[in-house]
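# Fold and geometry: a report
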Amino acid sequence: MSPISFDQLGVAEPLLRALTGLGYQTPTPIQAQSIPLLLEGRDLMGCAQTGTGKTAAFALPILQRLAAEKRGPAPRSARVLALTPTRELAVQIYESFLAYGRYLHFKAAVVYGGVGQTPQVRALSRGIDVLVATPGRLLDLMGQGHLRLDQTGVFVLDEADRMLDMGFLPDIKRVLAVLPRRRQTLFFSATMAPEIARLADGMVSNPVKVAVTPVATPVELIAQKVLFVAQADKRALLNRMLQDVTVTRALVFTRTKHGADRVVRQLDQIQVSAEAIHGDKSQNARQSALNKFRQGRTRVLVATDIAARGIDVEGVSHVINYDLPNQPESYVHRIGRTGRAGARGQAISFCDRQERSFLRDIERLIRKAVPVEENHPYHQRPVERAAAGGEANGGPARAGQRSRRPQGRAQTHSQGRGQGRPSNRHQGARAASLA
Ligand code: AMP
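Residues numbered from 1 in each chain as written. Predicted model: local features only at pLDDT ≥ 70, side-chain atom pairs only at ≥ 80, totals over all residues. Heavy atoms only, no water.

## What to know about the overall build of the protein
Heads up, the rule is: Helix and strand assignments follow DSSP, with helices taken as H or I runs no shorter than four residues and strands as E runs no shorter than two, numbered in order from the N terminus. Summary of the burial criterion: residues with accessible area below 20% of their type's maximum are buried, those above 50% are exposed, and those between are partly exposed, where the area comes from a 1.4 Å probe applied to protein chains only. Contacts are residue-level and defined by heavy atoms, with any inter-residue pair within 4.5 Å sufficient. All accessible-area figures derive from a Shrake-Rupley calculation using a 1.4 Å probe, and residue coverage is judged against the displayed protein chains alone.
Helix and strand counts for the protein stand at 15 helices and 13 strands. Relative to its 435 residues, the protein shows a buried fraction of 52%. Long-range pairs, those at least 24 residues apart, make up 76% of the contacts in the protein with a sequence separation of at least 6. Summed over all atoms, the accessible surface of the protein reaches about 19700 Å², with 49% contributed by carbon and sulfur.

Below is the structure:
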């Protein structure tokens, strides 16, 4: 990571304050390369995937330039338009603008299909500084006269490759046709296949070209949590977690193929799009499930460890261990598939009584106690927590397994300091304990 600071890139104070609040210390490579030039008003052609910090790379200079201009938006128009293929991404980008622009005054809105349009129309009526949109709804609103783009000075096209995959090319062209010719254009795509490059060439002028590849996330950068839950409550707990809209792309791991199919069936029942990949599925079926997941058409991919080998999907917002692996190394591989360029990726593990020993092995391997999330309705108290500082065998202290009797209310528990060595792993015998 570059040693340069956001301050040195020319980022202004109110934005710096927000970044400090978010815990961003150093710019990611794409930020370091593009922010100064975008602040000058240059166009950009960025080959970058989600997870590289690209949202801040465009949102920070945009916000700064907006703040420097004195004029506000005209009614039913947007000063900045960010077009993105999916609703999840739209919401994510919108929320990023709000987070980075926390100490600035500006109006932002997000519009996408599948929901009523009245609140969106209302939001647009007096004009918007930053509008994030998916193509279909944007064109609907324009067609009905609720929005015009002839005063939009900045246009961001995000995930252009996915846009084309999803058949949005004609929509993009319609948007381009009504945008002013004099504007700043920021074009992002994970790949630069010839057709994408052609599309970009027609949109940008004398652009800065930036290409970055995401780095694998070291375990320390992934936000990890463990939720203690009875096996019988895991299903309800997963359903509840998926009510959270920030879970945009979740990779759920089960220990068995049957377990994976079961999870998919239960998610079907609550209308969450999910597919399984495991050894009983044909290569075609696996590939198709993977493609749909990559394209954002499936929100949840349920996998077993073996099937997940070699899966490379960007932008996984959450890895959920529905079952903990009995091999601690699998835990590290599983969670490394989330979170890039920072700690957005979340790894959430469900742990029932019988899996507590797996958790201890994992914690020894990663030399760290996984923080416990108790704030959920299915919290199952550890049978007995070891006293503070008790780190027998060099591993973080965890609940003892002496009594299976549930005990009253939870007490504060120590999570150990996690200084242990990866020794004493008692593997093998554990696999049988999970039916
Ligand atoms: P993005 O590629 O824009 O989706 O960003 C990926 C994740 O990295 C998001 O969770 C951001 O909040 C986070 N992030 C972006 N830039 C930084 C940074 N400079 N330092 C730490 N985290 C960052």
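That was the structure; now back to the text.
## As for the sheet that holds strand 13 (residues 346-351)
Rules: Two strands qualify as a pair provided DSSP detects at least 2 bridges between them. Axis definition: a line fit to C-alpha positions, over the contact stretch in the case of helices; interaxial angles, taken between N-to-C directions, run 0 to 180 degrees.
With respect to topology, six strands assemble into an open sheet ordered 8-13-12-9-11-10, the strand pairing being parallel. At either end of the open sheet lies a strand with only one pairing partner, and these are strand 8 (223-228) and strand 10 (274-277). In this sheet, neighbouring strand axes are inclined to one another by 20 degrees on average, regardless of whether the strands run parallel or antiparallel. In the sheet, strand 8 pairs with strand 13 via six bridges, with the strands oriented parallel.

## Considering the confidence of the model for the protein
The following threshold applies: What pLDDT expresses is the predictor's confidence in each residue, scored from 0 to 100.
Across the protein, the average pLDDT comes to 83, with 83% of residues at 70 or higher. Counted against residues more than four places away or in other chains, residues 384-435, with its pLDDT under 50, gives 118 contacts.

## Side note on the sheet that holds strand 4 (residues 128-133)
Read across the open sheet, the seven strands follow the order 3-4-2-5-6-1-7; overall the sheet is parallel. Each edge of the sheet is formed by a strand with only one pairing partner; in this case those strands are strand 3 (108-111) and strand 7 (208-211). Along the sheet, successive strands turn relative to each other by an average axial angle of 15 degrees, direction set aside. Both strand 1 (residues 44-47) and strand 7 contribute to a ladder of four bridges, which runs parallel. The residue of strand 7 that forms the bridge with glycine 46 is valine 210.

## Thoughts on the environment of threonine 152
Quick note on the threshold: Under the rule applied, a polar contact is a pair of N or O atoms within 3.5 Å (in protein, one hydrogen donor and one hydrogen acceptor; residues adjacent in sequence only if both atoms are side-chain atoms).
Mapping threonine 152 onto the fold places it in the loop between helix 6 (135-143) and strand 5 (154-157). Judged by its relative accessible area of 0%, threonine 152 falls in the buried class. Leave out the neighbours within four places in its chain, and threonine 152 touches Ala78, Arg79, Val80, Leu81, Leu179, Pro180 and Arg183. Engagement of the side chain of threonine 152 in a polar contact is seen with the backbone oxygen of alanine 78, the distance being 2.6 Å.

## Concerning the nonpolar core
Note the cut-off: By nonpolar core is meant a set of buried Ala, Val, Leu, Ile, Met, Phe, Trp, Tyr and Cys residues that side-chain atoms within 4.5 Å join together.
Among the nonpolar cores identified, the biggest contains 42 residues, and Phe58, Leu60, Ile62, Phe97, Val130, Val132 and Leu186 are the most heavily contacted of them. In this structure, valine 132 is in contact with Ala82, Thr84, Ala90, Ile93, Tyr94, Phe97, Ala109, Val110 and Val111, ignoring residues within four places of it in sequence. Grouped together as the second largest cluster of nonpolar side chains are 33 residues, Ile128, Ala133, Leu147 and Ala160 included.

## Topic: the side chain of aspartate 323
Mapped onto the elements, aspartate 323 comes out in the loop between strand 12 (318-321) and helix 14 (328-335). Taking the relative accessible area as the measure of exposure, aspartate 323 reaches 11% and is therefore buried. At 2.9 Å, the side chain of aspartate 323 forms a polar contact with the backbone nitrogen of arginine 255.

## Thoughts on the packing of aromatic side chains
One pair of aromatic rings is described through two measures. These are the centre distance and the angle between the planes. Put simply, the test is: When two rings of Phe, Tyr or Trp (its six-membered ring) have centres within 6.5 Å they constitute a pair, described as stacked for plane angles under 30 degrees, edge-to-face for angles over 60, and tilted for the intermediate range. Whether a charge lies above a ring is judged from NZ of Lys or CZ of Arg, which has to be within 6 Å of the ring centre and within 35 degrees of the ring normal.
The final tally for this structure, using the stated rule, is four aromatic pairs. Measuring from ring centre to ring centre gives 5.3 Å for phenylalanine 58 and phenylalanine 188, while their planes differ by 45 degrees; the resulting arrangement is tilted. Of the two residues, phenylalanine 58 is situated in helix 3 (residues 54-68) and phenylalanine 188 in strand 6 (residues 184-189); the sequence distance between them amounts to 130 residues. Take phenylalanine 58 and phenylalanine 188: they sit in the same class, and that class is buried. Ring geometry for tyrosine 322 and phenylalanine 350: centres 5.8 Å apart, planes at 50 degrees, overall tilted. Note that tyrosine 322 is positioned in the loop between strand 12 and helix 14 and phenylalanine 350 in strand 13, a separation of 28 residues in sequence. Of the residues examined, tyrosine 322 reaches a relative accessible area of 8% and is grouped as buried. Here the aromatic residues Phe58, Phe97 and Phe188 are joined through ring pairs into a cluster of three or more. Lying across the ring of phenylalanine 228, arginine 356 places its NZ or CZ 3.9 Å from the centre.

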